[in-house]
Amino acid sequence: MRKPFIGGNWKMNTDGKSAVELAKAVAQKCQQLLSKVDVSVCPPFVYLSAVKNALGSSGIGLGAQDVYFEAKGAFTGEISCQMLKDVGCKYVIIGHSERRHVIKETDAIINKKLIAAIDAGLLPIFCVGELLEERKAGKTESVVKEQIQKGMAGITAQKAKAITIAYEPVWAIGTGLNATPQQAQEVHLMIRQLIAVMYNKELAEQIIIQYGGSVKADNAAELAGQPDVDGFLVGGASLKADDFAAIVKAAAEKKK
Ligand code: 13P
């Protein structure tokens, strides 16, 4: 049985004060749902410690939005896995579409980051998803497959257990245009089948596959109702505690 997992990706938003307030409100509103769902929030690096404090013993996990694959040294501006662990991170988002397309991060870099994160004991949230023109050209399956095959290259089945996959169609991110439940289910099932081929059936059954892209309180229940949608990675709606809590609740009520 897969326990739904909802992550809040705050992206480059909040400030010191609002990050702490948001974390406290999320903890207060979601805490009682944690027997049914796992929840994490991913603030900007500079607020990780303050947010960790604000979350206290709520049981809500702390995640970072990125990490560098080297352990330490002359890499100005980068943050290592151990640094994230040091400030209390459990999760780290890797390969988000904004890093792939804005920062030009490659599958090879993403692969190194996934390996480094797992080896350090972090739980990666590994993002994949196609561009609008790729979907229109009927390439969704091949694009997502390639991202997963290259991103997870050389990662054993044992290590792959640490990974959550987030399917985030790029055209649905921040656009208000979510994938339909059927579109999401189709890709999630394809991903699960791919994991069965790359690894084994057991891992395919266990792996959590989140959907991300304009998830809101009013579309979360229908998306969560799809058999292979195991939760969400939420951007904009994670910045309002009430909206995020409503999404968490919708996932908690997912029919088995
Ligand atoms: P939105 O929920 O704002 O569309 O963002 C999704 C996302 O990119 C989460 O990582």
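About the criteria used
- Residues numbered from 1 in each chain as written.
- Predicted model: local features only at pLDDT ≥ 70, side-chain atom pairs only at ≥ 80, totals over all residues.
- Heavy atoms only, no water.
- Helix = DSSP H or I, 4+ residues; strand = E, 2+ residues; numbered from the N terminus.
- Rg over C-alpha atoms; globule rule 2.2 N^0.38 Å.
- Buried < 20%, exposed > 50% of the residue type's maximum accessible area, 1.4 Å probe, protein only.
- Contact = heavy atoms within 4.5 Å.
- Areas by Shrake-Rupley, 256 points an atom, 1.4 Å probe, with all protein chains shown as cover.
- Lys, Arg positive; Asp, Glu negative; His and termini not counted.
- Charge placed at Lys NZ, Arg CZ, Asp CG, Glu CD.
- Phe/Tyr/Trp six-rings, centres within 6.5 Å; stacked < 30°, edge-to-face > 60°.
- Expected span 1.5 Å × (residues − 1).
- Near = heavy atom within 4 Å.
- Polar contact = N/O pair within 3.5 Å; in protein donor to acceptor, adjacent residues only side chain to side chain.
- Nonpolar A, V, L, I, M, F, W, Y, C, P; charged D, E, K, R; others polar.
- Axes fitted to C-alpha atoms, helices over the stretch in contact; angles between N-to-C directions.
- Parallel < 35°, antiparallel > 145°, perpendicular 65-115°, else oblique.
- Left-handed = near helix turned anticlockwise from the far one by under 90°.
- Salt bridge = Lys/Arg side-chain N within 4 Å of Asp/Glu carboxyl O.

### Topic: the overall build of the protein
- The helix and strand inventory of the protein stands at twelve helices and eight strands.
- In terms of C-alpha radius of gyration, the protein reaches 17 Å, essentially the compact-globule figure of 18 Å for 256 residues.
- For the protein, the spread of C-alpha atoms along the principal axes amounts to about 45 × 45 × 35 Å.
- Taking all 256 residues of the protein together, 53% fall into the buried category.
- Residue pairs at least 24 apart in sequence account for 73% of intrachain contacts in the protein once pairs closer than 6 positions are excluded.
- Here the protein displays about 11,600 Å² of accessible surface, and carbon together with sulfur accounts for 53% of that area.
- In the protein, 31 side chains carry a positive charge and 27 a negative one; their mean positions are 3 Å apart.

### Some words on the packing of aromatic side chains
- Applying the stated criterion across every chain, the model contains four aromatic pairs.
- On the basis of an interplanar angle of 45° and a centroid distance of 5.3 Å, the ring pair of Tyr68 and Phe75 is categorised as tilted.
- Take Tyr68: its relative accessible area is 18%, and that puts it in the buried class.
- An aromatic cluster of at least three residues, connected via ring pairs, comprises Tyr68, Phe69 and Phe75.

### Comments concerning helix H12 (residues 241-252)
- Here H12 contains twelve residues, and its C-alpha end-to-end distance of 16 Å stays within 8% of the 16 Å for a straight helix at 1.5 Å per residue.
- The inward-facing, buried residues of H12 contact strand S1 (5-9), helix H1 (16-30), strand S2 (38-42), helix H11 (220-224) and strand S8 (231-234).

### Overview of the site of the ligand
- By nearness alone, 13 residues border the ligand, and Lys11, His96, Gly174, Ser214 and Gly236 come closest of all.
- In the environment of the ligand, an oxygen atom lies 2.9 Å from a nitrogen or oxygen atom belonging to the backbone of Gly235.
- Separating an oxygen atom of the ligand from a backbone N or O atom of Gly236 is a distance of 2.8 Å.
- Each residue belonging to the shell around the ligand can be placed in one class, and the counts come to four nonpolar, seven polar and two charged.

### Details of the packing of helix H7 (residues 140-151) against helix H9 (residues 181-198)
- Packing of H7 against H9 brings their axes to within 11 Å, and their N-to-C directions diverge by 40°. Between H7 and H9, the angle falls in the class oblique. Relative to H9, the crossing made by H7 is right-handed. Residues Thr140, Glu141, Val144, Lys145, Ile148 and Gln149 of H7 form the contact with H9, whose own contacting residues are Val187, Met190, Ile191, Leu194, Ile195 and Met198.
- For the contact of H7 with H9, a count of residues per class yields eight nonpolar, two polar and two charged.

### Thoughts on the pattern of salt bridges
- Scanning the model with the defined rule gives 19 salt bridges in all.
- Residues Arg2 and Asp228 are paired through a salt bridge, measuring 3.9 Å at the closest nitrogen-oxygen approach. Taken together, the residues Arg2 in the segment before S1 and Asp228 in the loop between H11 and S8 connect sequence positions 226 residues apart.
- Of the charged contacts, one joins Glu105 and Lys113 as a salt bridge, the two residues approaching to 2.8 Å between their closest N and O atoms.
- The class for Glu105 is buried, based on a relative accessible area of 8%.
- Here the salt bridges do not stand alone but share partners, grouping Arg2, Arg192, Glu205, Asp228 and Asp230 into one network.

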